[in-house]
Number of protein chains: 2
Amino acid sequence: MRLTSSALSFRLLILIFIFSCKALALKPRFLGRNTDQSFSQHRSVSYNTLYIDQQIDHFGFLENGTFKQRYLLNDQHWHKDGGPILFYTGNEGDITWFCNNTGFMWDVAEELGALLVFAEHRYYGESLPFGEESYSNAKYLNYLTSEQVLADFAVLIKALKKSQPGAEKSSVIAIGGSYGGMLAAWLRMKYPNAVVGALAASAPIWQFIVPCGEFYRVVTRDFTISGSNCSSSIRSSWAAIDRLSATGEGLQWLSQTFGLCGPLKSQEDVFGFKAWLQETWVNLAMVDYPYEADFLQPLPAWPVKVVCKNLQFNKGVSDKQLLNGVSQAVRVYYNYTGDAVCLNTSKTATGNLGFLGWFYQSCTEMVMPMCTDGINDMFEPQPWSFQAFSDECYNQFGVRPREDWAETVYGGRNIHAHSNIIFSNGNLDPWMSGGVTKSLSESLLAIMIDGGAHHLDLRYNNELDPQSVIKARSLEVQYFKQWIKHAATT
Amino acid sequence: MRLTSSALSFRLLILIFIFSCKALALKPRFLGRNTDQSFSQHRSVSYNTLYIDQQIDHFGFLENGTFKQRYLLNDQHWHKDGGPILFYTGNEGDITWFCNNTGFMWDVAEELGALLVFAEHRYYGESLPFGEESYSNAKYLNYLTSEQVLADFAVLIKALKKSQPGAEKSSVIAIGGSYGGMLAAWLRMKYPNAVVGALAASAPIWQFIVPCGEFYRVVTRDFTISGSNCSSSIRSSWAAIDRLSATGEGLQWLSQTFGLCGPLKSQEDVFGFKAWLQETWVNLAMVDYPYEADFLQPLPAWPVKVVCKNLQFNKGVSDKQLLNGVSQAVRVYYNYTGDAVCLNTSKTATGNLGFLGWFYQSCTEMVMPMCTDGINDMFEPQPWSFQAFSDECYNQFGVRPREDWAETVYGGRNIHAHSNIIFSNGNLDPWMSGGVTKSLSESLLAIMIDGGAHHLDLRYNNELDPQSVIKARSLEVQYFKQWIKHAATT
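Bear in mind that the values here come from a model prediction, so they are computed numbers and not experimental data.

Caption draft 1: Representation of the sheet that holds strand β2 (residues 66-74) of chain A. All names here are of chain A. In space, the 8 strands of this open sheet follow the order β1-β2-β4-β3-β5-β6-β9-β10, with mixed pairing throughout. Edge positions in the sheet fall to β1 (48-55) and β10 (444-449), since each has one partner strand and no second. Sheet twist, expressed as the mean angle between neighbouring strand axes with direction ignored, is 20 degrees. Here 4 bridges tie β2 to strand β4 (residues 115-119), and the two strands are oriented antiparallel to one another. Bridged to Asn74 within β4 is Leu116.

Caption draft 2: The arrangement of unusual backbone geometry in detail. All names here are of chain B. Its identity is not glycine, yet Ser202 carries a phi of approximately 45 degrees, on the positive side. Note that Ser202 resides in the loop between β6 (197-201) and α8 (214-225). For Ser202, a relative accessible area of 1% puts it in the buried group. The backbone of His455 sits at a positive phi, close to 30 degrees, despite the residue not being glycine. Here His455 shows up in the loop between β10 (444-449) and α17 (467-488). Owing to a relative accessible area of 1%, His455 belongs among the buried residues under this scheme.

Caption draft 3: Spatial organisation of the pairing of strand β5 (residues 172-177) of chain A. All names here are of chain A. Where burial is concerned, most of β5 is hidden: 6 out of the 6 residues are buried. Going residue by residue along β5, you find Val172, Ala174 and Gly176 tucked away on one face and Ile173, Ile175 and Gly177 tucked away on the opposite face as well. In this structure, strand β3 (residues 85-89) lies alongside β5, joined through 4 bridges in parallel fashion. Following the sheet pairing, Ile85 is matched in β5 by Val172. Across 5 bridges, β5 lies against strand β6 (residues 197-201) in parallel orientation. What sits directly across from Gly176, in β6, is Ala200. For the crossover from β5 across helix α7 (residues 179-190) to β6, the handedness is right-handed.

Caption draft 4: The arrangement of the confidence of the model for chain A in detail. Residues and elements named next belong to chain A. Residue-level pLDDT values for chain A average 90, and 89% of them are 70 or greater. Long-range and interchain partners of residues 349-353, a stretch whose pLDDT sits below 50, account for 12 contacts in this model, where long-range means more than four residues apart. Scored as a whole, the predicted complex attains pTM 0.92, and scored at its interfaces, ipTM 0.91.

Caption draft 5: Local environment of the state of the cysteines. All names here are of chain A. As enumerated under the stated definition, the model contains 8 disulfides over all chains in all. Residue pairing for Cys230: its cysteine sulfur links by disulfide to Cys308, the two sulfurs lying 2.0 Å apart. Between Cys230 and Cys308 the sulfur-sulfur dihedral comes to about -80 degrees; the bridge is accordingly left-handed. Pair noted here: Cys230 is in helix α9 (residues 230-244) and Cys308 is in helix α12 (residues 303-308), with a separation of 78 residues, a long-range link. Among the residues examined, Cys230 registers a relative accessible area of 1% and is labelled buried. Covalently, Cys363 is tied to Cys393 through a disulfide, its sulfur atoms 2.1 Å apart.

Caption draft 6: Looking closely at the sheet that holds β6 of chain B. Residues and elements named next belong to chain B. The strand order β1-β2-β4-β3-β5-β6-β9-β10 describes an open sheet built from 8 strands, whose pairing is mixed. Edge positions in the sheet fall to β1 (48-55) and β10, since each of these pairs with one other strand and no more. Recorded for the sheet is a direction-independent mean angle of 20 degrees between the axes of neighbouring strands. Where helix α4 (residues 103-112) meets the sheet, it contacts β2 (66-74), β3 (85-89), β4 (115-119), β5 (172-177) and β6, and its direction lies at approximately 150 degrees from that of β4.

Caption draft 7: Representation of the pairing of β4 of chain A in the model. Residue and element names in this part refer to chain A. Summarising burial for β4: 5 of the 5 residues are buried, a large majority. Both faces of β4 are covered, namely the face carrying Leu115, Val117 and Ala119 and the face carrying Leu116 and Phe118. Sheet topology note: the β3/β4 ladder contains 5 bridges and is parallel. By the bridge assignment for β4, Thr89 is matched with Ala119.

Caption draft 8: Geometry of the nonpolar core. Judged by nonpolar contacts, the single largest core of 322 residues is most densely connected at Trp186, Phe223 and Trp281 of chain A together with Trp186, Phe223 and Trp281 of chain B. Filtering out sequence-adjacent residues up to four positions away, Phe223 of chain B remains in contact with Cys230, Ser231, Ile234, Trp281, Leu284, Ala285, Val304, Val307, Cys308 and Met378 of chain B.

Caption draft 9: Quick peek at the domain arrangement of chain A. All names here are of chain A. Here chain A is described as being made up of domain 1 (48-206 + 413-488) and domain 2 (212-350). Inter-centroid distance (C-alpha atoms) of domain 1 to domain 2 is 33 Å. Taken residue by residue, the interface counts 20 residues in domain 1 and 17 residues in domain 2. Approximately 1,600 Å² of surface area, both sides summed, lies buried where domain 1 meets domain 2, with 68% of it carried by carbon and sulfur atoms. Contact with domain 2 buries surface across domain 1, with Leu428, Pro430 and Arg459 losing the most and accounting together for 36% of the total. Scanning the region where domain 1 abuts domain 2 turns up 0 salt bridges. Put simply, domain 1 and domain 2 have 4 residue pairs in polar contact (both at pLDDT 80 or more) between them. Across the side of domain 1 that touches domain 2, the residue classes break down as 10 nonpolar, 7 polar and 3 charged.

Caption draft 10: Representation of the interface of chain B and chain A in the model. Each partner contributes to the interface: chain B provides 40 residues, whereas chain A provides 40 residues. Both sides together, the interface formed by chain B and chain A hides about 3,600 Å², and carbon and sulfur atoms give 57% of it. Of all residues in chain B, Phe59, Phe61 and Arg402 of chain B give up the largest surface area on contact with chain A, accounting jointly for 24% of the area buried on that side. Here chain B is connected to chain A by 2 salt bridges. Between Glu407 of chain A and Lys158 of chain B there is a salt bridge, with the nearest N and O atoms lying 3.6 Å from each other. Counting every contact that joins chain B to chain A gives 19 residue pairs in polar contact (both at pLDDT 80 or more). Those elements giving two or more residues to the side of chain B that touches chain A turn out to be α5 (138-141), α6 (146-163), α7 (179-190) and α16 (405-410) of chain B. At 6 residues, α6 of chain B tops the list of elements feeding residues into the side of chain B that touches chain A.

Caption draft 11: Molecular detail of the packing of aromatic side chains. In this structure the tally under the stated criterion is 57 aromatic pairs over all chains. Between the aromatic rings of Trp186 of chain B and Phe208 of chain B, the centroid separation amounts to 6.3 Å while the plane-to-plane angle is 25 degrees, which identifies the pairing as stacked. Of the two residues, Trp186 of chain B sits in helix α7 while Phe208 of chain B sits in the loop between β6 and α8, which places them 22 residues apart along the sequence. We note that Trp186 of chain B, like Phe208 of chain B, is buried. Summarising the aromatic geometry, the rings of Phe215 of chain B and Tyr216 of chain B are spaced 5.3 Å apart at their centres and angled 75 degrees between planes, so their arrangement reads as edge-to-face. Grouping residues by exposure puts Phe215 of chain B and Tyr216 of chain B together as buried. Three or more aromatic residues link up through ring pairs in this structure, and these residues are Tyr88, Trp97, Phe98, Trp106 and Phe118 of chain A. Stacked on the ring of Phe61 of chain A, the Lys or Arg Arg402 of chain B has its end atom at 4.2 Å from the ring centre.

How each quantity is defined
- Residues numbered from 1 in each chain as written.
- Chains lettered and ligands numbered in written order.
- Predicted model: local features only at pLDDT ≥ 70, side-chain atom pairs only at ≥ 80, totals over all residues.
- Heavy atoms only, no water.
- Pairing = 2+ DSSP bridges.
- Helix = DSSP H or I, 4+ residues; strand = E, 2+ residues; numbered from the N terminus.
- Axes fitted to C-alpha atoms, helices over the stretch in contact; angles between N-to-C directions.
- Buried < 20%, exposed > 50% of the residue type's maximum accessible area, 1.4 Å probe, protein only.
- Right-handed = clockwise from strand over helix to strand, strands pointing away.
- pLDDT = per-residue confidence, 0-100.
- Contact = heavy atoms within 4.5 Å.
- Disulfide = S-S within 2.5 Å.
- Core = buried A, V, L, I, M, F, W, Y, C linked by side-chain atoms within 4.5 Å.
- Domains from an automatic or database assignment.
- Buried area = accessible area lost by both parts, 1.4 Å probe.
- Salt bridge = Lys/Arg side-chain N within 4 Å of Asp/Glu carboxyl O.
- Polar contact = N/O pair within 3.5 Å; in protein donor to acceptor, adjacent residues only side chain to side chain.
- Nonpolar A, V, L, I, M, F, W, Y, C, P; charged D, E, K, R; others polar.
- Phe/Tyr/Trp six-rings, centres within 6.5 Å; stacked < 30°, edge-to-face > 60°.
- Lys NZ or Arg CZ within 6 Å of the ring centre and 35° of its normal.

Here it is as structure tokens:
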């Protein structure tokens with residue numbers, strides 16, 4: 001079975017974390033000169049690239065093969081007499097990209113005297129259990145699970161403590177953002193012997209069990225508060241597109257107005273066009289950072305506000321006026337630099353490695369129900385159907401998702417017995433809908449970042465950072481120090 | 001590949017927990033009249049036999065088949081308005097046997113108003129993932145791991161809470177003995193959402209990492225303190241056997257003196273004979289209970305003392321005198337009732353289901369190094385060789401053990417972050433060598449039972465119980481109540 005790109009209808013159900021396929025799709029220009037030394041757009045970061053042999057299957061003994069897991073290491077500021085290890089629990093993409101986009105770790109390394117480690121997630125980047133064939137069939141994909149990944153991390157940490165002179169007594173702190181943040185939290189939950197604590201930034205560990213409409217409500221709220229009539233304009237746009245696309249002339253007008261690379265020709269194309277727009281609004285909500293940034297795309301400060309300036313329509317607006325505004329709004333995201341020749345509606349959905357991997361993970365363990373109703377959100381109504389989702393997964397991968405497994409294995413809301421985990425969330429981030437936003441105990445701490453988008457706290461310090469994120473980072477470091485100190489005395 | 005019985009040399013390395021194959025081999029007479037209602041030798045216990053569909057592979061999605069896991073349930077004393085669930089984490093054998101031999105749970109059910117559940121371990125008893133073929137090849141055996149079993153338990157507990165009216169708010173306490181005790185502790189460690197605490201009785205969770213000679217030192221100590229010259233007589237017996245078995249006449253004498261069912265004919269037979277003796281001494285140390293009991297075999301109170309009465313030899317004793325004593329000693333174990341026609345040296349090593357299963361588990365995850373030196377213990381020197389062990393496993397099952405995995409996945413000695421686990425151990429029990437015998441924190445508690453053999457505390461109350469075990473059980477119940485109370489308020 002060779003996997004193909006997903007059905008368009010499915011695309012709406014599989015939200016990609018921002019730390020995702022896009023890393024590969026966009027080939028970020030700030031990635032390194034070679035595999036051993038890379039430099040970010042912000043600061044010069046250098047690291048050694050290393051590999052560790054990992055069992056392909058930690059939980060069975062018939063498959064006894066191993067693969068090389070990549071990890072990056074920087075010991076520039078490390079105090080080898082017991083300084084801590086900050087361990088990035090890599091998520092669904094190339095680890096060099098996470099390494100370059102987790103400025104927080106680089107910013108605090110000196111203060112903590114820390115060794116920095118960035119561990120790549122199996123099946124992404126270079127860490128492919130069956131090489132280029134890793135995605136070629138269901139048998140090879142069978143070892144792409146979060147449990148296997150956590151075991152990889154635990155094995156790597158044990159090996160680091162053995163192999164790095166001085167590391168034996170080092171406290172390890174797991175750090176991750178988004179799905180990587182979920183992994184950081186779960187690593188502390190399942191392997192508390194490996195890490196003394198975890199920073200789970202924008203980690204929606206409860207996305208499996210929250211009402212399916214929550215995510216899109218947050219997206220909608222971001223647009224509502226960012227400009228007059230902004231979300232209502234978007235809500236109106238879907239029917240306007242439907243009306244215009246009913247004629248050949250309308251399709252042509254839409255294609256020209258949006259400057260699409262491939263003109264819309266069929267209702268299927270229109271369906272895809274709307275899915276692309278929806279994904280664009282979601283992405284914008286996630287990267288609504290307070291300063292000019294080049295994360296998924298080069299974007300201005302507070303991009304949702306900039307987008308919304310083009311969407312201040314009252315009810316009586318004509319379809320063409322409204323959609324002309326939408327086309328300008330979309331260009332903020334896709335053409336801030338002015339370099340784009342045309343807009344490609346399949347751009348973020350092509351079958352790149354990261355996308356396929358997360359797609360498979362969604363189709364097995366990571367079942368996050370999503371739905372829209374068009375009333376509490378600004379999108380077209382789309383109910384959640386586990387059965388339809390399961391069938392789609394079966395068609396794509398030959399596997400069926402297990403609806404309840406994530407809650408069973410990771411404890412759902414009943415995680416009070418664990419300790420030393422910080423859950424940070426930004427109130428602009430749609431993923432906060434599945435996050436832990438209230439502290440559960442003295443050592444399961446929620447930090448809310450007012451005005452924060454997706455894991456803003458993991459980014460480099462910036463002079464335009466709001467006080468909320470400055471305070472959050474300071475608190476995070478304070479807890480790290482507590483954990484390290486406590487571990488040293490037990 | 002059809003699995004065969006193990007090589008004799010291997011038998012010395014694979015110690016079977018007492019809750020083991022023997023359950024099946026001996027067909028204990030006190031087992032029930034039918035599968036739905038069983039009565040123990042001590043008290044009448046009745047239960048319902050139920051089954052739950054479990055994924056064969058919790059950690060991969062390609063194998064999507066299910067099997068029926070058996071569990072037993074008694075709600076006679078259950079307070080359905082929130083009374084706790086005592087959940088026996090079944091180990092390597094038929095669950096009805098554990099049910100009948102865990103009198104402690106039956107004794108405390110009324111006081112706690114508890115629902116009793118006994119969950120069978122996959123690949124044992126009736127819970128066979130591939131039916132009668134489960135042991136027929138390495139592919140089918142691939143899902144026999146402790147991680148899969150813990151997932152079975154977590155799924156079952158979640159299902160019970162849903163399906164049993166009143167159980168939703170019940171606190172669940174895991175209880176297990178021996179390997180089942182390890183599973184109870186690990187269930188609390190890995191799924192603290194499922195159980196509020198665990199009683200891990202005689203659970204050698206550190207047997208993977210303690211010096212390999214510890215186990216046999218405890219066995220030896222039991223014999224040393226149980227009679228004058230007892231362990232030294234056994235230490236002398238091996239060379240005496242070697243000398244006698246050098247001639248045909250000697251072999252004949254040995255066979256007759258021990259009343260063996262099959263006469264010794266070769267050096268290989270003699271090797272097996274010595275292995276059988278060694279296993280007998282180990283078993284006796286494990287079941288050295290203070291009252292007449294019928295656990296593995298009908299035995300007198302304090303059987304090691306009774307055995308040692310036949311082994312009070314000084315150094316000058318002749319080989320035949322010494323071995324005549326040994327033959328009398330062995331009969332205490334094999335023929336206390338006087339019914340045995342002859343002694344069968346292959347009796348405890350035949351390839352029954354329980355044995356094969358534990359053999360496989362030892363050959364994959366449960367790598368417990370064992371060795372003897374003949375100086376600090378009373379056995380013939382046998383060093384530990386992981387490589388030899390691994391080769392033997394490969395020959396038997398086509399898999400190789402992973403030496404470090406158990407420590408990685410279950411945390412080794414660094415388990416301080418966990419909570420609400422009682423580790424009880426008897427100081428006569430050889431398995432205490434790998435147990436947690438000192439409290440690690442206020443909620444990781446060690447209880448030592450002076451004069452206690454293998455999980456004495458899990459047995460029914462007995463008028464001959466020493467104060468130590470009465471106190472231990474009382475403490476255990478006290479902690480249960482604390483956990484339940486605390487869970488009700490969080």
